[in-house]
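# What the coordinates show
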Amino acid sequence: MAHVFLPYVLRKYAGGVETVDMPADTLGELIEKLEDNYPGMKRHLIVDDALKPGLAAIVGHTATRRGLLQKLTPDVEVHFIKAISGG
Amino acid sequence: MVATYETKTDYKVVGKTPIRHDALEKVTGRAVYGGDVKAPGLIWGDVVRSPHSHARIKSIDTSDALKLEGVFAVLTHDDFPIAEERELESGEDVVNLKRDQANVMADDKVHYKGHVVAAVAAVDRNTAEEAASRIKVEYDVLQNVSDVDSAMSDDAPIILENLVGDHLGEDVPNTNIAKIFRYEFGNLDDAFNNSDLVVERTVTMSMIHQGYIEPHNATAIWAEDGQITVWSSTQGSFGVRSQTAGMVGVAESKVKVNYVEIGGGFGGKTKVYLAPIAALLSKKSGGRPVKLVMDRTSVFEATGPAPGGKIRMKIGVNKDGKITAADTDIMFESGGYPGSAVGAAANCIFACYDLPASRITGYDILVNKPKSAAYRAPGSPQASFAIEQVVDEICEKMGFDKLQFRIDNAAHEGTRRGDGVRFMRIGLEECLEAVKESEHWKSPLGEAPPGKTRGRGLASAYWMNGGGKSTCDLMLQDDGTVTMNEGSADIGGTRTSIAMQAAEVLGIPVEDFHPSIPDTDSIGWTGTTGGSRTTYTTGLAAYNAAHKLVDELKERVANLWETEVAKVSFQDGVFTSNGETIGIQELAGKLDPTGGPATSTASVNLADAGNAYGVHICDLEVDLATGKTDVVRYTAVQDVGKAVHPQYAEGQVQGGAVQGIGWALNEEYFITDDGSMANKSFLDYRMPTSLDMPMIETIMVEVPNPLHPYGVRGVGEVPISPPLSAAAQAVGQATGKRYFDLPVKPGRILEATNGG
């Protein structure tokens, strides 16, 4: 069961809660299930079958580089935040 | 999942201080920079820049320029292909091709003074300059949008008319606010209501330039076969390749970018400005090589500074010295196009504290100033200034010791950052303890000379550090030396810090390495040198490549000794099997019968690099008659994970601190009402020099990064962040006033102390 920390803009689709728990084996599956349960979320997360440019998915403590294919372990925390750029 | 490592502790190469491989070339002047590039038949380009900060282009007449003898081509935005409205991952940055193309050369409007509107190519530099001066541009001048407040006002002129803002997930047209986003957790209202003290302040800051010495430059050849070759001063050759290809409408594989040395970047050389212009001018000039070099005025007026803006900060505390909640609005000037460092600022702003409730709202706001770009820990310095100024005020009002307060509230493993993400192992507490034990912190401030007063400031800051893609190739030469190719631009000695990590694996002296940075056709995709990623990420590619090379050599040894690979062991540069031994460098000369040269390559695509924290102490004096400030003692404490080359790491910390001190006390884009930068030269844009600074004392704390086998964390960026508040606090203590506007320059100090 992934523990999803909802971005602020997605909370309105889930009744204003900060987090939701969702069973999923991959990040892609998780987003599909979020959309099934809370219609409207997906367009904020995915463009052209990939994570939106400028968006980082944090799985556990670190940003995934595997995109939607990222495997999810049981009870892992998932966050969606703005991707960083450095100097 | 992410690989973690048990950190190695017994080093033979890592942690030493060998001379850098590029030292001789650089001190003798033989190193080739972008400005040194020559090619047969080279011609020069020049550009026409807008004298207005906001205007519609009515017409561009290039006929007089084309009549001039020696002119080969002129270029306007009409010569560019229509770029796709798509965002491109370029290194760690996201590039909007269409908007960045318009930033390189204005389409129908100019968005800041100095915006390029046309370009020419001519037989020599003087002819190009004369031709540029003959291009006539008619403008319909529009009202200048000068700052975030005027940009957000109801009657503000709209700078980018087709922009649809994303305001907390809602599409909003006719706006200068490109994005509003929010991170929030916990119950803020309850937390603030139950606090013993709530302090709310708004801080402001101006745009700041990176101030690299070498100006932007580019040389390009668009050959008859459609192949484009580029030389350009950049922090990332692959970023130049992808951005140039996207803007001129060719496949990335059609562009080859050659590496040249870089005379400073600090984040400002992650964007392209000239390479697409040089390429298109070359195409229109029959494939001649075209070279462009900016002057200093253009660098200031038209290349990305760090964003200015303002930050509202509200913090609640209890009498027991614990923070109850924090709430902030970060409003950054993105410049003429969207895309400031406000996202990174949001990641950083509360990262030094363990907060039970937090809200961060970020605003990315267009103004008629140059498009902002990365500058060393982009967003973190402004964020640190905002929170540390308020924390300092809270400590004073509540009678808390400012160091103990930070220790009591410090973020640690498991703490949620303001964006909700939990930290892995971090070293902030160790840095704060190092401050407590430091000679500087234990020493009294000392007495100032007559007419001056002294103050001390303490501030902490955070930077995420980056990972991403990197590649490293190794080849063991017959003579036992190693040729190493890696893709990262070397802006701080990274050739050597990367080679040292491979040398540690191979047991070969790093002096026997020959590191090179080849062109983009000759090495695997490697991200931009930025985000403090290079020693960590490309270093890990080198580490992996070295282990692959060892595996390859074990097979060769097994071949030579007619034994099984599994029976060959390797340690400290020596292969052993069945009582026989051979050193790796001796083995190098015996490889031909076993299959020829031994090579290896490794690419990585890494998640975050393990976070960096810095805590700085600043003592300075204020001349009460003039407001002039002098830093008299400065100590920078930083968790570096593992200092691969301690001198380089120390140099990064010192350099960052000095840049931060300049940001705190002197530097600013001084913009007039019509949107012009008044201080567009190094004479007037006051950066600190070595004569202004005391020795920056450094204390490097080593809390190993679990994501790297040697514990390496990024080093280069976070040291620029704490000085802003540390210095401002010191001025505050010295003068008995608080300062919330940067820079804390002599005029502001006099205003505060004497009423101006």
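None of the values given here were measured: they were computed from a predicted structure.

### What to know about the overall build of chain B
For chain B, the helix and strand inventory stands at 20 helices and 30 strands. By the compact-globule yardstick of 27 Å for 756 residues, chain B fits well, its C-alpha radius of gyration being 27 Å. Referenced to the eigenvectors of the C-alpha coordinate spread, the extents of chain B come out at roughly 85 × 75 × 55 Å. Burial analysis of chain B (756 residues in total) assigns 57% to the buried set. For chain B, long-range pairs separated by at least 24 residues make up 81% of all intrachain contacts whose partners lie at least 6 apart in sequence.

### Focus: the environment of G466 of chain B
All names here are of chain B. Locating G466 in the fold gives a position in the loop between strand 20 (452-463) and strand 21 (468-476). Given 27 C-beta atoms within 10 Å, G466 falls into the buried group. Remark: the alpha-carbon pair of G466 and A23, spanning 443 residues in sequence, is separated by 27 Å.

### Here we look at unusual backbone geometry
In this model, L742 of chain B is joined to P743 of chain B through a cis peptide bond whose omega is -5°. With respect to the element layout, P743 of chain B can be found in the loop between helix 19 (723-735) and helix 20 (746-754). Positive phi, close to 50°, is recorded for D48 of chain A, a residue that is not glycine. With respect to the element layout, D48 of chain A can be found in the loop between strand 3 (46-47) and strand 4 (50-51). Classification of D48 of chain A by C-beta neighbours within 10 Å gives exposed; the count is 8. With a phi angle near 30°, R376 of chain B is a residue other than glycine that sits in the positive phi range. Here R376 of chain B lies in the loop between strand 19 (358-366) and helix 11 (380-398). A count of 29 C-beta atoms within 10 Å places R376 of chain B in the buried class.

### Topic: helix 15 (residues 494-506) of chain B
Residues and elements named next belong to chain B. Relative to the 18 Å expected for 13 residues at 1.5 Å per residue, helix 15 spans 18 Å between its end C-alpha atoms, a close match to the ideal helical length. Most of helix 15 sits inside the fold, with 13 of its 13 residues counted as buried. Immediately beyond the C-terminal end of helix 15, within one or two residues, lies G507, with a positive phi of roughly 70°.

### Focus on the interface of chain B and chain A
Contacts between the two partners involve 42 residues from chain B, matched on the other side by 24 residues from chain A. Where the side of chain B that touches chain A is concerned, the elements lending two or more residues are strand 4 (87-90), strand 5 (93-96), strand 11 (177-185), helix 10 (342-348) and strand 27 (598-606) of chain B. The greatest single-element share of the side of chain B that touches chain A, amounting to 5 residues, is contributed by strand 11 of chain B. For the side of chain B that touches chain A, a count of residues per class yields 20 nonpolar, 10 polar and 12 charged.

### Overview of helix 3 (residues 97-104) of chain B
Where burial is concerned, most of helix 3 of chain B is hidden: 7 out of the 8 residues are buried. When helix 3 of chain B is considered as a whole, its buried residues turn out to be L97, R99, D100, Q101, A102, N103 and V104 of chain B.

### Concerning the sheet that holds strand 23 (residues 513-516) of chain B
Residues and elements named next belong to chain B. One open sheet accounts for 4 strands, arranged 23-22-21-27; its pairing is mixed. Of all strands in the sheet, those bounded by a partner on one side alone are strand 23 and strand 27. The sheet shows a mean angle of 15° between the axes of neighbouring strands, taken without regard to direction. Across 4 bridges, the pairing between strand 22 (residues 482-486) and strand 23 is parallel. By the bridge assignment, T483 is partnered in strand 23 with H514. Where helix 16 (residues 534-561) meets the sheet, it contacts strand 21, strand 22 and strand 27, and its direction lies at approximately 145° from that of strand 27.

Rules used throughout
Residues numbered from 1 in each chain as written. Chains lettered and ligands numbered in written order. Predicted model: local features only at pLDDT ≥ 70, side-chain atom pairs only at ≥ 80, totals over all residues. Helix = DSSP H or I, 4+ residues; strand = E, 2+ residues; numbered from the N terminus. Rg over C-alpha atoms; globule rule 2.2 N^0.38 Å. Buried ≥ 20, exposed ≤ 12 C-beta atoms within 10 Å, placed from the backbone. Contact = placed C-beta atoms within 7 Å. Expected span 1.5 Å × (residues − 1). Nonpolar A, V, L, I, M, F, W, Y, C, P; charged D, E, K, R; others polar. Pairing = 2+ DSSP bridges. Axes fitted to C-alpha atoms, helices over the stretch in contact; angles between N-to-C directions.

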